[in-house]
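Listed below, chain by chain, are the residues.
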Amino acid sequence: MSRTSGKNLFASKVGAVLAAAGSAVGLGNVWRFPTETGANGGAAFILIYIFFMFLLATPIMVTEFAIGRHGGSTVADSFHKMGGGRRGWKWMGLVPVVGGFLVLSYYSVVAGWTLHYFFEALKGGFMHKGAADYSLDFAAFSTDPVQPVIWTALIIIATCAIVVLGVQQGIERASRIMMPILFILLIVLAVCSLTLPNASQGLRFLFEPDFSKVTSSVVISAMGQALFSLSVGLGCLCTYACYFRKDTDLMKNGLSVAGIDTSVALLSGVIIFPAVYSIPNLQPDAGPSLVFITLPNVFQQVFGNVPFLAYISSLFFYLLLVLAALTSTISMLEMTAVYFHKKFNLSRLHSSTFVGTVCLLFGTFCSLSFGAWKDVTIFGLGFFDFFDFLVAKFIMPIGGMLMCVFLGWVVDEKVLRAEMTNNGTIRCPLYSIYRFIIRYLAPLCIMLVFANELGMFSFLK
Ligand code: PFF
């Protein structure tokens, strides 16, 4: 069992926050959040999402931090060691392996789309087109059997290249460079969006709740979105926490990451919905194609008279998506690759190449499920939707619940207190509330939402 050495720790506290925030901030914020918000009626969904974000996802994130840093090794070893050698918990080590393969496989397909769109924007490929062209272009591209797979492969290769460089030179450095650029792009685009005609209608959709639209599926989607957005339940953050220094304040780190992640999601909403409402006949519930069909059309129509603005806004927007995607794919690959790296003594290069290759194979299936394999289904879902369902609605909530039960009930409380207070050297004012949440509220909440979904118990229509 190898413990993490000094060179394999994040060099600074800021680096640790940025790396965890890099994992959290991704297509989940800029692509999935607007899609889900649009599909689930807007502001009421957002309020429930924020509730789950701080009362459920953040405590689970802090729990992953505590398990990861205390264990200091692979997730399986951490559970084995902290569970007092109880064999059953060692199986939790498989969650990041299976979850990592699944999530990276389908996520890198959409990340590949963003890379393709970035290059299209760079070439000026969106200029002088009509509304219908964007929709036809997206349909032709996403259903093509070859092109999207090539872009997926490029994303996976870029991700492998960063992961191979290691914790400080790869993950931390990439997060330190990419996260500030991402923030600047977000703010510039949000300010532009707010100046568009009818921007206030988009803001109303985002911030004026209509609770009559809340159904059980809205609640479940909000929970899934909060967990997905913070990357919790798969053990990804356990893996990153292995690289935290002993003086990192886990609670503060968790709250900072949740704050950054929520702000990015809301800012993405502020970019996208005012833009959508600025053109008659566009709908906020356009679904996953919102950022690939609706937005290029918006940039073109709104800034059509000033071609430079149309060019630069779409270029910035897709650069934002690519950077957000990469900081997350890095964390997905790391959590799975590190398992093979430590368990089988493979080099970083070999373990990352192995995981990347398998993910490219599964990613190809996911990509084909939009076109040639549209009719191939598992439980009625195509590969892409099935992988997303398994990860966001199944493995993440169950994984998160088991982690809370483990740290709240199985592990000696002294360990938890020592982790939250850095062995008594700092105060953790939220400790009692946090412990209450992971022992009672989080497991209960997840079980209720599940029971409701399975129809065993109904608390919402
Ligand atoms: N949180 C990421 C996003 O919002 O895009 C997605 C993600 C990253 C999910 C890492 C799971 C994971 F382990």
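Provided above is the structure to which this section pertains.
Residues numbered from 1 in each chain as written. Predicted model: local features only at pLDDT ≥ 70, side-chain atom pairs only at ≥ 80, totals over all residues. Heavy atoms only, no water.

### Describing helix H4 (residues 75-82)
Owing to its 3.6 residues per turn, the α-helix brings residues three or four apart onto one side.
Then step 1. Most of H4 sits out of view: six of its eight residues are buried.
Then step 2. Burial in H4 covers these residues: Val75, Ala76, Asp77, Ser78, Phe79 and Met82.
Then step 3. Close packing links the buried residues of H4 with helix H3 (43-71), helix H5 (87-90), helix H6 (94-123), helix H12 (236-241), helix H17 (383-410) and helix H18 (413-420).
Then step 4. Directly after H4, the chain includes Gly84, whose backbone phi takes a positive value near 65 degrees. (Buried < 20%, exposed > 50% of the residue type's maximum accessible area, 1.4 Å probe, protein only. Helix = DSSP H or I, 4+ residues; strand = E, 2+ residues; numbered from the N terminus. Contact = heavy atoms within 4.5 Å.)

### Section: the nonpolar core
Then step 1. Counting residues in hydrophobic clusters, the biggest one holds 165 residues, and the most contacted among them are Phe52, Phe317 and Tyr318.
Then step 2. By residue number, the principal contributor to this core is helix H15 (residues 307-343), which donates 19 residues.
Then step 3. Apart from the residues lying within four places of it in its own chain, the contact partners of Tyr318 are Thr114, Tyr117, Phe118, Ala121, Phe126, Val291, Phe292, Leu295 and Pro296. (Core = buried A, V, L, I, M, F, W, Y, C linked by side-chain atoms within 4.5 Å.)

### Topic: the packing of aromatic side chains
Then step 1. Throughout the structure, instances matching the rule amount to 45 aromatic pairs.
Then step 2. Measuring from ring centre to ring centre gives 6.5 Å for Phe45 and Tyr49, while their planes differ by 10 degrees; the resulting arrangement is stacked. Of this pair, Phe45 and Tyr49 both sit in helix H3, four residues apart, which is roughly one turn of that helix.
Then step 3. Look at Phe45 and you get buried, because its relative accessible area is 0%.
Then step 4. Given the relative accessible area of 0%, Tyr49 is considered buried.
Then step 5. An angle of 50 degrees between the planes, with centres 5.0 Å apart, marks the rings of Phe205 and Phe273 as tilted. (Phe/Tyr/Trp six-rings, centres within 6.5 Å; stacked < 30°, edge-to-face > 60°.)

### Brief notes about a nonpolar patch on the surface
Then step 1. Together, Phe51, Leu55, Trp409, Phe436, Tyr440 and Leu441 give the surface a local cluster of nonpolar side chains, amounting to about 580 Å² of exposed area.
Then step 2. Broken down by secondary-structure element, the contributors of at least two residues to the nonpolar patch are H3 and helix H19 (431-453).
Then step 3. A total of three residues in the nonpolar patch trace back to one element, the largest contributor, which is H19.
Then step 4. The residue Trp409 is located in helix H17 in this model.
Then step 5. By relative accessible area, which is 44% here, Trp409 ends up partly exposed. (Patch = residues over 30% accessible without salt bridge, like charges linked within 9 Å, V, L, I, M, F, W, Y side chains within 5 Å. Areas by Shrake-Rupley, 256 points an atom, 1.4 Å probe, with all protein chains shown as cover. Salt bridge = Lys/Arg side-chain N within 4 Å of Asp/Glu carboxyl O.)

### Structural notes on the site of the ligand
Then step 1. Contacts to the ligand come from 17 residues, most closely from Ala24, Gly28, Tyr107, Phe228 and Ser231.
Then step 2. Interatomic distance of 3.2 Å between a backbone N/O atom of Leu27 and an oxygen atom of the ligand.
Then step 3. Ser229 has a polar backbone atom sitting 3.1 Å from a nitrogen atom of the ligand.
Then step 4. Summarising the interface, the protein chains cover 100% of the accessible area of the ligand, which totals 340 Å² for the free molecule.
Then step 5. Of all the elements in the fold, those that place two or more residues in the shell around the ligand are helix H1 (13-24), helix H2 (27-39), helix H11 (216-229) and H15.
Then step 6. Here the shell around the ligand gets four residues from one element, more than from any other, and that element is H15.
Then step 7. Classifying every residue of the shell around the ligand by side-chain character gives nine nonpolar, eight polar and no charged. (Near = heavy atom within 4 Å. Polar contact = N/O pair within 3.5 Å; in protein donor to acceptor, adjacent residues only side chain to side chain. Nonpolar A, V, L, I, M, F, W, Y, C, P; charged D, E, K, R; others polar.)

### As for helix H8 (residues 147-164)
Then step 1. Here H8 contains 18 residues, and its C-alpha end-to-end distance of 26 Å stays within 8% of the 26 Å for a straight helix at 1.5 Å per residue.
Then step 2. Those residues of H8 that fall on the buried side of the exposure criterion are Pro148, Val149, Trp151, Thr152, Ala153, Ile155, Ile156, Thr159, Cys160, Ile162 and Val163.
Then step 3. The inward-facing, buried residues of H8 abut H6, helix H7 (131-143), helix H9 (167-194), H15 and helix H16 (348-368).
Then step 4. Positive phi appears at Gly166, one or two residues downstream of H8, with a value of about 100 degrees. (Expected span 1.5 Å × (residues − 1).)

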